[in-house]
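Residue-level listing of the chains:
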Amino acid sequence: MPSYLQEQWYVCSWSHSLTDQPIGTNLLNERVVLWRDGTGRARAAVDQCPHRGTQLSLGSVDESGCITCPYHGWRFDSSGRCIEVPQNSPETAIPRKAALTSIACEERYGMIWLCLGEPHFSIPSFPEWTNPRFHHVSCSPYTWECSAERMLENFTDFGHLGYLHDGLLGRRDDLIVPEHQVTSEANQLRYQMTMVVPNAGESLPVANFRGESGLQTNTYVVDLPYTIHLQSYYHDTQSSRVLFFSIQPHSDGRATGYCYQSRDFDLEADDSPFVEFQELLAAQDQPIVESQRPVAAPLDLTSELHLGFDRVAIAYRRAMKRLMETASSTPTRVNHKEEVTCM
Ligand code: FES
Ligand code: CO
């Protein structure tokens, strides 16, 4: 069983969604529970009481930050240790096995990140988060009935921009994908493309964005398995917009994308057009991605047709395959560099 996916960090909630009650969610087919301990720190464990397998997320959190099972009231502290069995007399010792299976949990960028195993790489970088020039807007999370790989690839798929998103991210009368090179190193892919996209046009069903027009250079960093940092630099206005997009793989066929839009222009402007534009694109993408079969994107490159302009998908599938195989043969950090030169 490859451990690569278990060793990565995944966004599983916005920070602001986790308050004084536990949240149950899924990560890589595992039920997990999140809660805040007495210091306000986010904690996570497998969402299963060691007594009779009940979901802890159906329980509650007390003022001291202990989580209580809803079935027999056993209480667990921030480390997952059981500190109270109400059915026992006070002098009866609580067995050491009465403990939750803790999960590594970190809070960063206003998001809660979990790793089911030993983290193999750091949480993906989002340098604009602490840059005071940028204003951040969170979009509503997208939960789609698809694999995380298909959702990630959709975000990186240049070929569909002008076709599916005609008039928004390109045009059907100009579908030729500009030249680009993909560099793959360790757990990252990087590529860049300069293009004109009509996402600032008067004809859009959403408000115009003053900072975005004309020629733009898009720089992508994909942190495998499921995070994208896309910086769009607008040459005319010398302004930038960043999309930080990270996916929670609930199961093999369900994924949630969390997205920030960060901009260094129109700082006082209403945020809703930025969110509406993203939602418009997502509404076009969702039925397409949910229809794709097989549900899992085949990492074997002979199973689907790959043309030259699909080189990001080619690089992504190659890198995922390599990381999974490396992880299953050795638990050490990989360091590998290659360029995708097909076409
Ligand atoms: Fe949780 Fe009994 S099942 S306390
Ligand atoms: Co799309």
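This is a predicted model, so every value here is computed, not measured.

J.: Looking at this structure, I do not really get the coordination of the cobalt ion (ligand 2). What am I missing?
T.: Four donors placed tetrahedrally around a metal ideally meet at 109.5 degrees, and six donors placed octahedrally ideally meet at 90 or 180 degrees. For the cobalt ion (ligand 2), the full set of protein donor atoms is H160 (NE2), H165 (NE2), D285 (OD) and D285 (OD), and the range of their distances to it is 2.0 to 2.3 Å. With a relative accessible area of 12%, H160 lands in the buried category.

J.: Looking at this structure, how should I read helix α4 (residues 311–329)?
T.: An α-helical turn contains 3.6 residues, so a residue and the one three or four places further along point in the same direction. Compared with the 27 Å implied by 1.5 Å per residue over 19 residues, the 27 Å span of α4 between its first and last C-alpha is a close match. The buried count for α4 comes to 14 of 19 residues, which makes it a mostly enclosed element.

J.: So what exactly am I meant to see when it comes to the nonpolar core here?
T.: The tendency in soluble globular proteins is for nonpolar side chains to be buried side by side. By size, the foremost hydrophobic cluster in this structure holds 60 residues, and its most contacted members are Y4, L114, L224 and M320. In this structure, this core is formed jointly by two domains, domain 1 (3–115) and domain 2 (127–342), each of which donates at least three residues. Aside from chain neighbours lying at most four places away, what touches Y4 is F121, L224, P225, M320, L323, M324 and A327.

J.: I keep staring at the sheet that holds strand β5 (residues 60–61) and nothing clicks. Help me out?
T.: Taken in spatial order, the four strands line up as β5-β6-β7-β8 in an open sheet, and their pairing is antiparallel. Since the sheet does not close on itself, it has two edges, and those belong to β5 and β8 (82–84), each with one partner. Pairing of β5 with strand β6 (residues 67–68), which is carried by two bridges, proceeds in the antiparallel orientation. Bridged to S60 within β6 is T68.

J.: How do you make sense of helix α1 (residues 148–156) when you look at a structure like this?
T.: For α1, the buried fraction is high: nine of the nine residues fall into the buried class. Three or more residues of α1 are buried, namely A148, E149, R150, M151, L152, E153, N154, F155 and T156.

J.: When you look at the UniProt feature "domain: Rieske" (unreviewed entry) in the protein in this model, what are you seeing that I'm missing?
T.: In the numbering adopted here, UniProt assigns the feature "domain: Rieske" (unreviewed entry) to residues 9–114. Regarding residues 9–114, the helix share stands at 0% and the strand share at 40%, and the terminal C-alpha atoms are separated by 5 Å.

J.: Looking at this structure, I do not really get the environment of M195. What am I missing?
T.: With respect to the helices and strands, M195 occurs in strand β14 (residues 188–196). Note: C-alpha distance between M195 and C69 (126 residues apart in sequence) is 55 Å. M195 has contacts with L161, G214, L215, Q216 and N218, leaving out every residue within four places of it along the chain.

J.: I'm lost on the packing of aromatic side chains in this one. Help?
T.: Two measures describe an aromatic ring pair: the distance that separates the ring centres and the angle between the ring planes. Applying the stated criterion across every chain, the model contains 19 aromatic pairs. Arranged with centres 4.4 Å apart and planes meeting at 5°, the rings of F126 and F244 form a pair that is stacked. Note that F126 is positioned in the loop between β10 (111–115) and β11 (135–138) and F244 in strand β17 (residues 239–251), a separation of 118 residues in sequence. For F126, a relative accessible area of 3% translates into the label buried. Here F244 falls in the buried class, since its relative accessible area comes to 0%. Centroid distance Y142 to W144: 6.2 Å. Interplanar angle 40°. Geometry classified as tilted. A relative accessible area of 5% means that W144 is categorised as buried. An aromatic cluster is defined as three or more aromatic residues linked by ring pairs; in this entry it consists of W14, Y109, W113, F126, W129, F244, Y258 and Y260. One Lys or Arg, R172, reaches over the ring of Y163 and ends 3.7 Å from the middle of that ring.

J.: When you look at the side chain of S246 in this model, what are you seeing that I'm missing?
T.: Structurally, S246 is set in strand β17. A relative accessible area of 1% places S246 in the buried class. A polar contact is formed between the side chain of S246 and the side chain of T227, at a distance of 2.7 Å. Residue contacts for S246: discarding those within four places in its chain leaves V11, W113, Y226, T227, T256, G257 and Y258.

J.: Any chance you could explain unusual backbone geometry here in plain terms?
T.: Peptide bonds are trans in most cases, and residues, glycine excluded, mostly fall at negative phi. Following L224, the chain continues into P225 via a peptide bond in cis, with omega recorded as 5°. Here the bond from R293 into P294 is cis, since omega is -5°, no more than 30 degrees from zero. Tracing the backbone through its elements, the reader meets P294 in the loop between α3 (272–291) and α4. In this structure, L28 takes a positive phi of about 50° despite not being glycine.

J.: Sorry if this is basic, but what is going on with the environment of S239 here?
T.: As for its placement among the helices and strands, S239 is situated in strand β17. Looking at S239, the relative accessible area reads 4%, which means it is buried. Between the C-alpha atoms of S239 and W14, which are 225 residues apart in sequence, the distance is 27 Å. There is a polar contact of 2.6 Å between the side chain of S239 and the side chain of T237.

J.: Help me understand the pattern of salt bridges in this model?
T.: Once the charged atoms of two side chains with opposite charge are near each other, the side chains can pair. Under the defined criterion, the tally for this structure stands at 12 salt bridges. Across the pair R263 and D271 runs a salt bridge, and its minimum N-O distance is 3.0 Å. Residue classification places D271 among the partly exposed positions, given a relative accessible area of 24%. Each of R150, E153, E304 and R317 takes part in one network of salt bridges that share partners.

What counts and how
Residues numbered from 1 in each chain as written. Chains lettered and ligands numbered in written order. Predicted model: local features only at pLDDT ≥ 70, side-chain atom pairs only at ≥ 80, totals over all residues. Heavy atoms only, no water. Donors = N, O, S within 2.8 Å, 3.2 Å for Na, K, Ca; no water. Buried < 20%, exposed > 50% of the residue type's maximum accessible area, 1.4 Å probe, protein only. Helix = DSSP H or I, 4+ residues; strand = E, 2+ residues; numbered from the N terminus. Expected span 1.5 Å × (residues − 1). Core = buried A, V, L, I, M, F, W, Y, C linked by side-chain atoms within 4.5 Å. Domains from an automatic or database assignment. Contact = heavy atoms within 4.5 Å. Pairing = 2+ DSSP bridges. UniProt positions renumbered as here; feature names shortened; annotations may be inferred. Phe/Tyr/Trp six-rings, centres within 6.5 Å; stacked < 30°, edge-to-face > 60°. Lys NZ or Arg CZ within 6 Å of the ring centre and 35° of its normal. Polar contact = N/O pair within 3.5 Å; in protein donor to acceptor, adjacent residues only side chain to side chain. Salt bridge = Lys/Arg side-chain N within 4 Å of Asp/Glu carboxyl O.

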